[in-house]
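Structure assessment
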Amino acid sequence: MYRDDRTVLDPTCACYVCAELKTEKSALHALFKEKNHEAGRLAIIHNVSFFNTLMSKIRDAIRQGTFSKLSAIYVSRAEKPSWKKMEKIL
Ligand SMILES: [Zn+2]
């Protein structure tokens, strides 16, 4: 699925792997296939950043009283929503 995908892991993500290294999905796929330990390290950096961002958005939504709206948007999407799209909605 990602073997030939030359796009950045998540272009909306500000983590080191996406924003600084601009790691392509195909590159990460190749590292996982090689059982290269760097694959796990890069995935962890991205995933922790994703969940830190998600928790930050949840805290903000709770403070603003819009958590149910955020939750509905997030759950209704088949794939991970773009934070930029969500910020426009909220
Ligand atoms: Zn990332």
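Small disclaimer: the values here were computed from a predicted structure and weren't measured.

**A look at the overall build of the protein chain**
Helix and strand content of the protein chain: five helices and zero strands. In the protein chain, the succession of helices and strands from N to C terminus is α-α-α-α-α. Every one of the 90 residues in the protein chain was classed for burial, and the buried ones make up 10%. The long-range fraction of contacts in the protein chain, counting pairs at least 24 apart against all pairs at least 6 apart in sequence, stands at 36%.

**Here's the deal with the packing of helix α2 (residues 25–33) against helix α3 (residues 37–64)**
One way to put it is that α2 packs onto α3 with a least axis distance of 7 Å and a crossing angle of 135°. One finds that α2 runs oblique with respect to α3. By crossing handedness, the relation of α2 to α3 is classed as left-handed. Within the contact between the two elements, α2 uses L28, L31 and F32 and α3 uses E38, A39, L42 and A43. The residue inventory of the contact of α2 with α3, partitioned by class, reads six nonpolar, no polar and one charged.

**Considerations on unusual backbone geometry**
Trans peptide bonds make up the majority, and among non-glycine residues the majority have a negative phi. A positive phi angle, close to 50°, is found at K22, a residue other than glycine. Within the secondary structure, K22 is located in the loop between α1 (16–20) and α2. Unusually for a residue other than glycine, K35 sits at a positive phi of about 60°. Within the element layout of this structure, K35 appears in the loop between α2 and α3. The class for K35 is exposed, based on 8 C-beta atoms found within 10 Å.

**Considering the environment of E24**
Looking at the element boundaries, E24 is found in the loop between α1 and α2. Once the C-alpha coordinates of E24 and V8 are considered, the two residues, 16 residues apart in sequence, prove to be 4.2 Å apart. Not counting residues within four places of it along the chain, the set of residues in contact with E24 comprises R6, T7 and V8.

What counts and what doesn't
- Residues numbered from 1 in each chain as written.
- Predicted model: local features only at pLDDT ≥ 70, side-chain atom pairs only at ≥ 80, totals over all residues.
- Helix = DSSP H or I, 4+ residues; strand = E, 2+ residues; numbered from the N terminus.
- Buried ≥ 20, exposed ≤ 12 C-beta atoms within 10 Å, placed from the backbone.
- Contact = placed C-beta atoms within 7 Å.
- Axes fitted to C-alpha atoms, helices over the stretch in contact; angles between N-to-C directions.
- Parallel < 35°, antiparallel > 145°, perpendicular 65-115°, else oblique.
- Left-handed = near helix turned anticlockwise from the far one by under 90°.
- Nonpolar A, V, L, I, M, F, W, Y, C, P; charged D, E, K, R; others polar.

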